[in-house]
Amino acid sequence: MWALITGASSGIGMEAARIFAKNGYNLFLVARRSERLEGLKLELGTSVEVVTAPLDLSMAENIDELFLRVEELDIDIDVLVNNAGVGEYGEFMNSDIEKQIKIIDLNVKTLTHIARVLGDKMKKRGCGTIVNVASTAAFQAVPYMAVYGATKSYVLSFSLALSAELEESGVTVVAFCPGATKTEFQEVGSLKTSKFRGKLLGSETVAKLLYKAAHGNRRLVVTGVYNKLLVFSSRLMPRYFIAKLVKKSYEA
Ligand SMILES: NC(=O)c1ccc[n+]([C@@H]2O[C@H](COP(=O)([O-])OP(=O)(O)OC[C@H]3O[C@@H](n4cnc5c(N)ncnc54)[C@H](OP(=O)(O)O)[C@@H]3O)[C@@H](O)[C@H]2O)c1
């Protein structure tokens, strides 16, 4: 059994790699930082096969390179964890548009492209699982992380639609929606964690939930009771009202 995990060099992806390995999965790990991937290969490579692909997935040509490497190995990917993702905190009008577009490229275009190519192979084999990592940010607008929130709404919508399309195919698609999780995400996206203190789950806990989600029956998984409540209550209020509430809580 093979699991391909994008964004495996830190946070949720790295912990997911450890859990999949513990459960006997061979690993195909992708991220930019090769030294991190090699470290993980040293750590896990004694018990399972580990292949690393240090690639910047925000660049279209590297996605083709990824498919080529999978093809060359002649392996079937049983579980795809489409996890690599970035966000950036700040007012959209003051943002670096190149950075914002790269967020869309990675969180939306790359995730879609990988799901299309590897998902098609799964469909032809009649089995496989795709876990697309969205976020609780998918359920409402996120002022000061406007583009990031919108990309995660896309991931949620796309995943549920795909899940329904593939219902009879043997391929399972899960929209996995973590709430605030303690990883490098906050640092990378210049997001202060002070607002979340007490509500942040650890990446190991979230990765365990991801593993469970990949092997369960639910097509939409939100991590943690607090986050489930937030998501549920957000459905009861007007959407713009929620956007303003989120704005208040995200204000610097
Ligand atoms: N942490 C949270 O609070 C939270 C909440 C909800 C959802 N999520 C989602 O969970 C997923 C994982 O995030 P995390 O919290 O684990 O954050 P993280 O620790 O920052 O991990 C992000 C991973 O994505 C990889 N990545 C970033 N840009 C990439 C690129 N251009 N090409 C290839 N890989 C790239 C990073 O590796 P390299 O830098 O080595 O490339 C890293 O392995 C993301 O989709 C995120 O949106 C996180």
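Our structure's up above, just so we're on the same page.
Everything in this summary refers to the structure shown in the same document. From a predicted model like this one, the values you see are computed outputs, not experimental measurements.

**Observations regarding the overall build of the chain**
- Check the secondary structure of the chain and you find 9 helices and 9 strands.
- Burial statistics for the chain: of 252 residues in total, 50% are counted as buried.
- Residue pairs in contact within the chain that sit at least 24 positions apart in sequence constitute 67% of those at least 6 positions apart.
- Accessible surface for the chain amounts to roughly 12,700 Å². Of this, 55% is attributable to carbon and sulfur atoms.

**Thoughts on the packing of aromatic side chains**
- Across all of its chains, the model carries 6 aromatic pairs by this definition.
- The interplanar angle of 45° and the centroid separation of 6.0 Å between the aromatic rings of tyrosine 89 and tyrosine 144 together place this pair among those described as tilted. Of this pair, tyrosine 89 sits in the loop between strand S4 (79-82) and helix H4 (97-125) while tyrosine 144 is found in the loop between strand S5 (128-133) and helix H5 (146-165), placing the two residues 55 residues apart along the sequence.
- Ring centres of tyrosine 154 and phenylalanine 158 lie 5.6 Å apart, and the angle between their planes is 15°; this geometry places the pair in the stacked category.

**Thoughts on the packing of helix H1 (residues 11-22) against helix H2 (residues 34-44)**
- Where H1 meets H2, the closest approach of the two axes is 11 Å, and the angle between their N-to-C directions is 20°. For the element pair H1 / H2, the angle class is roughly parallel. Between H1 and H2 lies a crossing of right-handed hand. In this structure, H1 contributes Met14, Ala17, Arg18 and Ala21 to the contact, and H2 contributes Arg36, Leu40, Glu43 and Leu44.
- Considered class by class, the residues forming the contact of H1 with H2 number 5 nonpolar, no polar and 3 charged.

**Some words on H1**
- Between its first and last C-alpha atoms H1 spans 17 Å; for 12 residues at 1.5 Å apiece the expected length is 16 Å, and the two agree.
- Burial analysis of H1 places 10 of its 12 residues in the buried class, which makes it a mostly covered element.
- Residues of H1 that are buried: Gly11, Ile12, Gly13, Met14, Glu15, Ala16, Ala17, Ile19, Phe20 and Ala21.
- Check the buried side of H1 and you find it contacts strand S1 (2-6), strand S2 (26-31), H2, S4, strand S7 (181-182) and helix H7 (203-214).
- Phi turns positive, to about 90°, at glycine 24, one or two residues after H1.

**Here we look at H2**
- Within the span of H2, buried status applies to Leu37, Leu40 and Leu44. Along the long axis of H2, the arc covered by the buried residues comes to 60°, so they all point the same way. Summarising the geometry of H2, the exposed residues directed more than 90 degrees from the buried face are Glu35 and Leu42.
- Contacts made by the buried residues of H2 are with H1, S2 and strand S3 (50-54).

**A closer look at a nonpolar patch on the surface**
- Judged by side-chain polarity, Phe92, Met93, Ile97, Ile101 and Ile104 come together as a nonpolar surface patch covering roughly 490 Å² of accessible area.
- By secondary structure assignment, the location of phenylalanine 92 is in the loop between S4 and H4.

**A look at empty space enclosed by the protein**
- A complete count under the given rule lists 3 cavities of 30 Å³ or more for this structure.
- Taken as a whole, the largest cavity encloses approximately 50 Å³ of empty space.
- Considering the residues around the largest cavity, the lining is formed by Glu88, Gly90, Phe92, Gln100, Ile103, Tyr144, Met145, Ala146, Val147 and Tyr148.
- The element best represented in the lining of the largest cavity is H5, accounting for 3 residues.
- Taken together, the residues of the lining of the largest cavity break down into 7 nonpolar, 2 polar and 1 charged.

Conventions we followed
- Residues numbered from 1 in each chain as written.
- Predicted model: local features only at pLDDT ≥ 70, side-chain atom pairs only at ≥ 80, totals over all residues.
- Heavy atoms only, no water.
- Helix = DSSP H or I, 4+ residues; strand = E, 2+ residues; numbered from the N terminus.
- Buried < 20%, exposed > 50% of the residue type's maximum accessible area, 1.4 Å probe, protein only.
- Contact = heavy atoms within 4.5 Å.
- Areas by Shrake-Rupley, 256 points an atom, 1.4 Å probe, with all protein chains shown as cover.
- Phe/Tyr/Trp six-rings, centres within 6.5 Å; stacked < 30°, edge-to-face > 60°.
- Axes fitted to C-alpha atoms, helices over the stretch in contact; angles between N-to-C directions.
- Parallel < 35°, antiparallel > 145°, perpendicular 65-115°, else oblique.
- Left-handed = near helix turned anticlockwise from the far one by under 90°.
- Nonpolar A, V, L, I, M, F, W, Y, C, P; charged D, E, K, R; others polar.
- Expected span 1.5 Å × (residues − 1).
- Arc of directions from axis to C-beta.
- Patch = residues over 30% accessible without salt bridge, like charges linked within 9 Å, V, L, I, M, F, W, Y side chains within 5 Å.
- Salt bridge = Lys/Arg side-chain N within 4 Å of Asp/Glu carboxyl O.
- 1 Å grid on protein atoms, 1.4 Å probe; cavity = no way out; pocket = protein on both sides within 12 Å on 5 of 7 lines; lining within 4 Å.
- Points joined across faces, edges and corners; volume = space filled by probe spheres on them.

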